Every structure is written in C-alpha cells, then in structure tokens.
Amino acid sequence: MNRNRENPEVNAGSMADIAFLLLIFFLVTATIQTDVGLDRKLPPKETIPPPPVNERNIFRVSLNKNDELFVEDGIMELKDLKMAAMAFLDNGGIPKGNENHCGYCKGAGSPDASDNPIKAVISFNSNREASYGMYVSVQDALTAAYNELRNRESQRYYGKNYVDMEELYYSGEMSDGEKMDLQREIETIREMFPMKLSEAETISKLN
Amino acid sequence: MKSIRNYKKTQPAISTAALPDIVFILLFFFMTVTTIKSETLLVDNNLPQANQVKKLEKKDRVIEIYVGRPNQDLAKVLGSEPRIQLNNKIAHMNEVGPYVLQELAQKPDAIRNLVTVSLKVDKNVNVGVVSDIKEELRKVNLLKVNYTVFQGNSQ
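All of these numbers come straight from a predicted model, not from anything done at the bench.

1. Some details on the overall build of chain B
Reasoning step 1: Scanning chain B from N- to C-terminus turns up five helices and eight strands.
Reasoning step 2: Along chain B, from the amino end to the carboxyl end, the secondary structure elements read α-α-β-β-β-β-α-β-β-α-β-α-β.
Reasoning step 3: For chain B, the residues scored as buried account for 30% of the 155 residues in total.
Reasoning step 4: In chain B, the share of contacts with a sequence separation of at least 24, taken over all contacts with a separation of at least 6, comes to 76%.

2. Some details on the sheet that holds strand β5 (residues 74-76) of chain A
Residue and element names in this part refer to chain A.
Reasoning step 1: In space, the five strands of this open sheet follow the order β5-β4-β3-β6-β7, with mixed pairing throughout. Lying at the two open borders of the sheet, with one neighbouring strand each, are β5 and β7 (197-198).
Reasoning step 2: Bridging between strand β3 (residues 58-63) and strand β4 (residues 69-71) involves three bridges; their strand directions are antiparallel. Paired with Ser 62 across the bridge in β4 is Phe 70.
Reasoning step 3: Packing of helix α3 (residues 78-89) onto the sheet brings it into contact with β3, β4, β5 and β6 (121-126), and relative to β4 it is tilted by some 20 degrees.

3. Details of the nonpolar core
Nonpolar side chains in soluble globular proteins tend to end up buried together.
Reasoning step 1: Ranked by size, the top nonpolar core spans 52 residues in total, and within it Val138(A), Ile65(B), Val67(B) and Val130(B) carry the most contacts.
Reasoning step 2: The dominant element in this core, judged by the number of residues it contributes, is helix α4 (residues 132-158) of chain A, at 10 residues.
Reasoning step 3: Residue contacts for Val138(A): discarding those within four places in its chain leaves Val61(A), Leu63(A), Leu69(A), Leu81(A) and Phe124(A).

4. Quick word on α4(A)
Reasoning step 1: When the terminal C-alpha atoms of α4(A) are compared, their 37 Å separation across 27 residues agrees well with the 39 Å that a helix rising 1.5 Å per residue should span.
Reasoning step 2: Of the residues flanking the end of α4(A), it is Gly159(A), one or two places downstream, whose phi is positive at about 70 degrees.

5. Section: the packing of helix α5 (residues 162-171) of chain A against helix α6 (residues 176-192) of chain A
Residue and element names in this part refer to chain A.
Reasoning step 1: Viewed as axis vectors pointing N to C, α5 and α6 meet at an angle of 140 degrees, and their least axial separation amounts to 10 Å. The angle between α5 and α6 places the two elements in the oblique class. Crossing hand, α5 versus α6: left-handed. Two secondary-structure elements touch here, α5 through Tyr 162, Met 165, Glu 166, Leu 168 and Tyr 169 and α6 through Leu 182, Gln 183, Glu 185, Ile 186 and Ile 189.

6. Here we look at the pairing of strand β7 (residues 116-121) of chain B
All names here are of chain B.
Reasoning step 1: Counted residue by residue, β7 has five buried out of six residues, so it is predominantly covered.
Reasoning step 2: Here β7 runs beside strand β8 (residues 144-151); their pairing, made up of three bridges, is parallel. Looking at β8, one finds that Val 117 is bridged to Val 145.

7. With respect to the confidence of the model for chain A
Detail in the predicted coordinates should be disregarded across regions flagged by low pLDDT.
All names here are of chain A.
Reasoning step 1: With 92% of its residues at a pLDDT of 70 or more, chain A has an overall mean of 81.
Reasoning step 2: Mean pLDDT across the secondary structure elements of chain A bottoms out at helix α1 (residues 2-5), with 58, and peaks at α4, with 90.
Reasoning step 3: Scored below 50 in pLDDT, residues 202-207 makes 12 contacts in the model with residues more than four places away or belonging to other chains.

8. Details of the pairing of β3(A)
All names here are of chain A.
Reasoning step 1: In β3, alternate side chains face the same way, and those of Phe 59, Val 61 and Leu 63 are buried while those of Ile 58, Arg 60 and Ser 62 on the opposite face are not.
Reasoning step 2: The pairing of β3 with β6 spans six bridges and is parallel. Bridge pairing in β6 places Leu 63 opposite Ser 126.

What counts as what
- Residues numbered from 1 in each chain as written.
- Chains lettered and ligands numbered in written order.
- Predicted model: local features only at pLDDT ≥ 70, side-chain atom pairs only at ≥ 80, totals over all residues.
- Helix = DSSP H or I, 4+ residues; strand = E, 2+ residues; numbered from the N terminus.
- Buried ≥ 20, exposed ≤ 12 C-beta atoms within 10 Å, placed from the backbone.
- Contact = placed C-beta atoms within 7 Å.
- Pairing = 2+ DSSP bridges.
- Axes fitted to C-alpha atoms, helices over the stretch in contact; angles between N-to-C directions.
- Core = buried A, V, L, I, M, F, W, Y, C linked by C-beta atoms within 7 Å.
- Expected span 1.5 Å × (residues − 1).
- Parallel < 35°, antiparallel > 145°, perpendicular 65-115°, else oblique.
- Left-handed = near helix turned anticlockwise from the far one by under 90°.
- pLDDT = per-residue confidence, 0-100.

This is the structure:
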C-alpha cells in the first residue's frame, strides 16, 4: 500500500537518447546545400547581328571532340589558357597618345593581340562531343583570367579585390548608401574589363 | 555540526534533466538550417569542378535541371545515353521549355526576372546536350544560367 501512494516520477533519462537519435538522423539525411557555380547570361534569341569585329580583337578558343584545346589555331594545355587569355585581354595594342589607348593595360602591346580590353572578345566554340567537364574547366580558366585582371585594377583603385566586392554586394549585408557606392565601384571595374565571352553556335557534329 | 559534515560527504548526482532540452535545441537548429534532399536523382550527377564560382544565394530563385546518364537501376530500361531529369522524372529535350515556364509561373511576380536556371550536368556528358538545353532556354527567354559545380581545382 505504501508504494502505491508515493507516485514515482517518470524516468526522463532516456529522453536524451531519443533526442540524440533524432538529431543523428537529421544530420545524416539532410545536407547543408549551398550550390556554387559559374554564372552566365545567354544571348537573347532575336538579336541584331553583332557589328564585325577586327580579327586581332578576337581570341579564339575551341574544344574538339577529343577534349583537346585549341587557342588561335594552335593546341594548348589547359593550364596555360588563363595566362594566354590575360595576355590577350591586357595587351593594349594601341600606342600611347592615340585614341582608345588603354592607359591601365600592362601587356606587351603586341600588334597581334587586342587593341583594348573594351574591344576584346573571347570566342569559345565547343564540339558537341566534347565532355562537359572539360567545357566547364575552360569556362573556369577564362573567368579566372577576367577575375584576375579585374582584381588587379580594383586593388589599384579601391584597395580591395573585385571578387570580394562582388561577393559582398550579393550578400546584401549593408546599408543602401554603401550598396550604391559598391555598385558604382563594381561597374567601373566591369567597364574596364567587360566580359565579352561569345559562345556562338557550337560546331555541329561531324558525320 | 554533525549534520553539515554529513551533507558534505554525500555528493549529489549532477542533474541531467536539462540535457534533452539542449539536444532538442540542437535538433531544431539542424531541422531549420538544412534542407532535406527533395529530389531523388535518377541520373548520375557527378558535377565538374571549378574555382571561380559564385554562390547561388536564394533557393527560391533557382530552377534546377539535372543531366546525366541514367543510374544503374534505370540503365537497363533507358540505356546509357545522357538523359534530362526535371522534377523527379526523366524528360525529353522538348519538355525543358514548358517545364521552366511552368516553374517560373509558380514564382512570385517580384522575383521572376531574377530566376536562374541551375544546370547540374554530369561531367561526362557531351556538350551537345547542354547546348541544346541552352537553346531551349533561349527560346523561352530565360537567359540566366548557372553551370553548377563543386568547388575545387578543375581537372
């Protein structure tokens, strides 16, 4: 009789175990997904044909069906592509004093490469049978070339990296005033090295 | 005096009553910050790697398209040619346009022009399939694409 009257407490010791089990279940099934990737903008469908571009302002990159990289008709290894693209963009072919001279370019000024980064176009063609992995690697290398040049100029002007500025801008953690300033800075740098990456129709399959 | 000495000698057990609460807080934290994989992948999806990446910040502004060879179970039925997966089912190339438009229609007006199409393409797929998809997207005037990758050194 005595035992019945005492009303024993419910043992909550195993509650923690149950909660741990649930926790582990969620840890295993869920993933903190932050997708990353290369952003591109496709050209609109109804375009006016682009004005003809001087051949020296075009940097031709292509992939054949065996994933071999061709740059300006010569074969090239992927690791050299970034430097080649930078040399092309940063060339500054117009001599000092002339119109359209690129004051901030540090390139060789070769007559075969671009006049001015604003005019320079990178044309990337890929065979339909090339692998997507290689395609992305090339896109990555070309983006790296642009980013490095943009970083260089933004370090010179604003003392910070262009990539960091962009990341900060998209994270949106700032007041409106700061955001406006940052946007202006980003646009200034973008105008210096506009990303003109043309991906005209891919080369059709060879039968 | 005697009673105080007695009290010191018997050490009370540490109360673990708050432990479940702490664990539950952890549990709720994980439940809120993580997303359970909603889509079951029907295709192999071994993304390529790249360095110069940007984050796809907001989930609600993204439409996903998976491309890859059918996974082992489906390979018997579908063969090993790369297939497109839209929202849990294998689809044909000409369904891509209608699908993205339908997804787009479900988004609020304010963010419609900010929507990005995330192309999650296996790295062994041919570029031809990807350029066909891009062509379909151009037809429906959805021009922001993201080649979704794993972050790392490329090849």
